[in-house]
Amino acid sequence: MSMQPNSDASERIARIAAHLNPHNLNMEENDSCSLMGSNCRSKGGAPGFKVAILGAAGGIGQPLSMLMKINPLVSVLHLYDVVNTPGVTADISHMDTGAVVRGFLGQKQLEDALIGMDLVIIPAGVPRKPGMTRDDLFNINAGIVKTLCEAIAKSCPKAIVNLISNPVNSTVPIAAEVFKRAGTYDPSRLLGVTMLDVVRANTFVAEVLGLDPREVNVPVVGGHAGITILPLLSQVKPPSSFTPKEIEYLTDRIQNGGTEVVEAKAGAGSATLSMAYAAVKFADACLRALRGDAGIIECAYVDSKVTELPFFASKVRLGRGGVEEILPLGPLNDYEREGLEKAKKELVVSVEKGVSFARK
Ligand SMILES: NC(=O)c1ccc[n+]([C@@H]2O[C@H](COP(=O)([O-])OP(=O)(O)OC[C@H]3O[C@@H](n4cnc5c(N)ncnc54)[C@H](O)[C@@H]3O)[C@@H](O)[C@H]2O)c1
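Below: a short report on this structure. (Residues numbered from 1 in each chain as written. Predicted model: local features only at pLDDT ≥ 70, side-chain atom pairs only at ≥ 80, totals over all residues. Heavy atoms only, no water.)

Quick word on the overall build of the chain
If you tally the helices and strands in the chain, you get eleven helices and eleven strands. Looking at the chain as a whole, 53% of its 360 residues are labelled buried. Here the contacts in the chain between residues at least 6 apart in sequence split such that 68% fall between residues at least 24 apart. With the model as given, the accessible surface of the chain reaches about 16,200 Å², and the carbon-plus-sulfur share is 55%. (Helix = DSSP H or I, 4+ residues; strand = E, 2+ residues; numbered from the N terminus. Buried < 20%, exposed > 50% of the residue type's maximum accessible area, 1.4 Å probe, protein only. Contact = heavy atoms within 4.5 Å. Areas by Shrake-Rupley, 256 points an atom, 1.4 Å probe, with all protein chains shown as cover.)

In structure tokens:
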């Protein structure tokens, strides 16, 4: 690549100034002539998608940011949080992968962080401590999600949104209400991330069957909290049968996998590393679908007509426009039908809670 000494200079300087600290975090305004190691960057080359992570400095946000920096489908990675993004961004920007990383700190920089994004992943908010349910997080996280979604509606209304912040059963309806109010709501672009439930189900079922977890696929439907997490063990691939005892054990472990981690971490938070893995698995599926790959099917909590509830997690087919088809639940056995009825009772309350918060 040849450098033209004069004509590229201003572009280069603009790039340098935009790096890491887009506005004023640590850098002097007029230091663009001092080409120091800390503010130079290579020309992120690879064509790809622009992805923002909101809550990027958190327990999930940091490993998620690292894994997205490795993802070859990502060309630009924006890291936003209310704390610590300069450090996380500086750190991750040293990785010699294609994506260009930029950090954004605090609400003033939120809209800039979102301009032009194709995909926005939201792990912002407080996690559980032992003894808490996901619903106990509602009071804090509902407001955070509302603020972030208002900015998305302004800066990148066409982006696909992957919402991780709990309680997902309520935060997705909140996001939908915010987008409706802004006139930007496209149900196919808003996805609650339930991938961790699928990841756990695949792992635990593989343990019971003595298989490699990569060979196992368990659909998990309903929602993302306690009994609303409904693994469909009758539809496991490869086709498998379980004893009633195994079904009890697996259903309980999958529904309470999050609590297992919360208790093991003993006050230091909830699942972060497995969640970052699951979030990247899901985001990668969304990006491959955006690119035009066919046949991408994942479980997600979305605006849905699969049941009488307005939101429900089930298998969806992803495409260039986000959710292109919501697949039917398929045949359920008696145990699953019973579980579904219980899940729906709780879900209806969580959805209503989110909607009424957003309408306040
Ligand atoms: N969907 C799932 O399967 C799943 C799994 C695990 C955790 N979670 C949820 O993900 C969320 C994050 O968990 P964590 O362990 O990373 O928590 P954490 O406390 O480690 O990190 C949260 C981050 O969000 C940031 N934040 C707070 N307010 C913000 C705002 N207004 N804008 C931007 N960022 C903000 C914090 O500064 C922090 O860096 C929690 O709500 C948790 O319950 C979801």
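Now that the structure has been shown, the text picks up again.
Topic: the pattern of salt bridges
This model, assessed by the stated rule, comprises 16 salt bridges. Of the charged contacts, one joins Glu-260 and Arg-253 as a salt bridge, the two residues approaching to 3.1 Å between their closest N and O atoms. Using a relative accessible area of 37% as the deciding quantity, one classes Glu-260 as partly exposed. We note a salt bridge from Asp-293 to Arg-291, for which the minimum N-O separation is 2.6 Å. (Salt bridge = Lys/Arg side-chain N within 4 Å of Asp/Glu carboxyl O.)

Comments concerning the nonpolar core
Membership of the largest hydrophobic core comes to 60 residues, with the highest contact counts inside it found for Leu-64, Met-68, Ile-121, Leu-287 and Leu-318. Domain assignment of the residues forming this core places at least three in each of domain 1 (35–192) and domain 2 (195–359). When near neighbours in sequence (up to four residues on either side) are disregarded, Leu-318 contacts Leu-191, Ala-285, Cys-286, Ala-289, Ile-296, Glu-298, Val-323 and Glu-324. Core analysis: the next-biggest nonpolar cluster, separate from the first, contains 48 residues, Cys-149, Ala-159, Ile-174 and Leu-347 among them. (Core = buried A, V, L, I, M, F, W, Y, C linked by side-chain atoms within 4.5 Å. Domains from an automatic or database assignment.)

Describing the packing of helix α7 (residues 195–209) against helix α10 (residues 273–291)
At their nearest, the axes of α7 and α10 sit 8 Å apart, and the two run at 110° to each other. Between α7 and α10, the interaxial angle falls into the category roughly perpendicular. Counting all contacts with α7, which are made through Met-195, Leu-196, Val-199 and Asn-202, the residues of α10 involved are Ser-274, Met-275, Tyr-277, Ala-278, Lys-281 and Phe-282. Residue composition of the contact of α7 with α10, by class: seven nonpolar, two polar and one charged. (Axes fitted to C-alpha atoms, helices over the stretch in contact; angles between N-to-C directions. Parallel < 35°, antiparallel > 145°, perpendicular 65-115°, else oblique. Nonpolar A, V, L, I, M, F, W, Y, C, P; charged D, E, K, R; others polar.)

A look at the site of the ligand
The full set close to the ligand counts 29 residues, and Gly-59, Ile-60, Asp-81, Val-126 and His-224 are the nearest of them. Between Gly-58 and the ligand, the recorded distance is 3.2 Å, taken from a backbone N or O atom to an oxygen atom. Backbone polar atom of Val-193 to a nitrogen atom of the ligand: 3.3 Å apart, as the coordinates give it. For the shell around the ligand, the secondary-structure elements that each account for two or more residues are β2 (74–81) and α5 (138–155). Here the shell around the ligand takes three residues from α5, the largest share from any one element. For the shell around the ligand, the residue count by class is 18 nonpolar, ten polar and one charged. The two domains that each donate at least three residues to the shell around the ligand are domain 1 (35–192) and domain 2 (195–359). (Near = heavy atom within 4 Å. Polar contact = N/O pair within 3.5 Å; in protein donor to acceptor, adjacent residues only side chain to side chain.)

Brief notes about the packing of aromatic side chains
Considering all chains together, one arrives at two aromatic pairs under this definition. Relative to Phe-357, the ring of Phe-138 lies with its centre 5.6 Å away and its plane at 90°, an arrangement referred to as edge-to-face. Pair noted here: Phe-138 is in helix α5 and Phe-357 is in helix α11 (residues 334–359), with a separation of 219 residues, a long-range link. Judged by its relative accessible area of 5%, Phe-138 is buried. Centre to centre, the rings of Tyr-301 and Phe-311 are 6.2 Å apart; their planes meet at 35°, and the pair counts as tilted. Here the residue Tyr-301 occupies a position in strand β9 (residues 296–303), and Phe-311 occupies one in strand β10 (residues 311–319), the gap between them amounting to ten residues. Both residues of the pair, Tyr-301 and Phe-311, count as buried. Cation over ring: Arg-253 sits above Phe-204, and NZ or CZ is 3.9 Å from the ring centre. Above the ring of Phe-138, the side-chain terminus of Lys-353 is found at 4.7 Å from the ring centroid. (Phe/Tyr/Trp six-rings, centres within 6.5 Å; stacked < 30°, edge-to-face > 60°. Lys NZ or Arg CZ within 6 Å of the ring centre and 35° of its normal.)

Observations regarding the state of the cysteines
Throughout the structure, instances matching the rule amount to zero disulfides. Cys-149 carries a free sulfur, and the closest cysteine sulfur to it, the one in Cys-156, is 9.8 Å from it. Judged by its relative accessible area of 0%, Cys-149 is buried. (Disulfide = S-S within 2.5 Å.)

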